[in-house]
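Spelled out, the chains give:
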Amino acid sequence: MTVASIELNLRGAQRDEVLRELVDKIPAIVRRPESRQTLLRALQEREQLCSTGIGDGIALPHARNALVGLVDQTVIVFGRHPAGIPFGAIDDVPARLFFLLVAPTVNQHLQVLARLSRLLRDPKLRQNLLRAERPDKVIALIREAEATF
């Protein structure tokens, strides 16, 4: 994750709008319109199959079937929505924290997804991410949380 891949003020009012905003934070994909559309379509299909809203105001949009060839290395985009949007989580809590994951291999995809899921179980980390005022603070919070694992 880089400062450029963080959006602290997502504006979309619906799931697909937020997915577009998150995808647009991946420069390598935005410069390739066909790849951008492939990823967006795969993310939307994944959400129709089963929501990636995991509860506690968190969504982890990802699409395993769209990974091969789209990116050379794992990309994580963090987004935060001020009010939250319905994302189909089992607890019906609107998602405010988003982590879009795109990885070049299924193995990397699963490893990062598992690690993110473990980190985000920490209510203190979630609260700190909601309050972070700058992208570099988001990165520092996540690195600090990873160091405790």
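Rules and cut-offs
Residues numbered from 1 in each chain as written. Predicted model: local features only at pLDDT ≥ 70, side-chain atom pairs only at ≥ 80, totals over all residues. Heavy atoms only, no water. Pairing = 2+ DSSP bridges. Helix = DSSP H or I, 4+ residues; strand = E, 2+ residues; numbered from the N terminus. Contact = heavy atoms within 4.5 Å. Axes fitted to C-alpha atoms, helices over the stretch in contact; angles between N-to-C directions. Core = buried A, V, L, I, M, F, W, Y, C linked by side-chain atoms within 4.5 Å. Buried < 20%, exposed > 50% of the residue type's maximum accessible area, 1.4 Å probe, protein only.

Engineer: Would you take a moment to explain the sheet that holds strand 4 (residues 75–85) for this structure?
Structural biologist: Within a beta sheet, neighbouring strands are joined by backbone hydrogen bonds and run either parallel or antiparallel to one another. On the basis of which strands lie adjacent, the open sheet formed by 5 strands has the order 1-4-5-3-2 and mixed pairing. For this open sheet the edge positions go to strand 1 (6–7) and strand 2 (53–55), each flanked by a neighbour on one side alone. Summarising the sheet, strand 4 and strand 5 (residues 95–102) pair through 7 bridges and their orientation is antiparallel. Each residue of the ladder has a partner; that of isoleucine 85, found in strand 5, is alanine 95. Sitting on the sheet, helix 5 (residues 123–131) is in contact with strand 3 (58–59), strand 4 and strand 5, with an inclination near 95° to strand 5.

Engineer: Got a minute to help me understand the nonpolar core in this structure?
Structural biologist: Grouped burial of nonpolar side chains is what soluble globular proteins tend to show. If you look at the biggest cluster of nonpolar residues, it comprises 23 residues, and the most contacted ones within it are Ile26, Leu39, Phe98 and Leu100. Where this core is concerned, the elements lending two or more residues are helix 1 (15–23), helix 3 (33–49), strand 4 and strand 5. Core analysis: the next-biggest nonpolar cluster, separate from the first, contains 21 residues, Phe78, Leu113, Ala132 and Ile142 among them.

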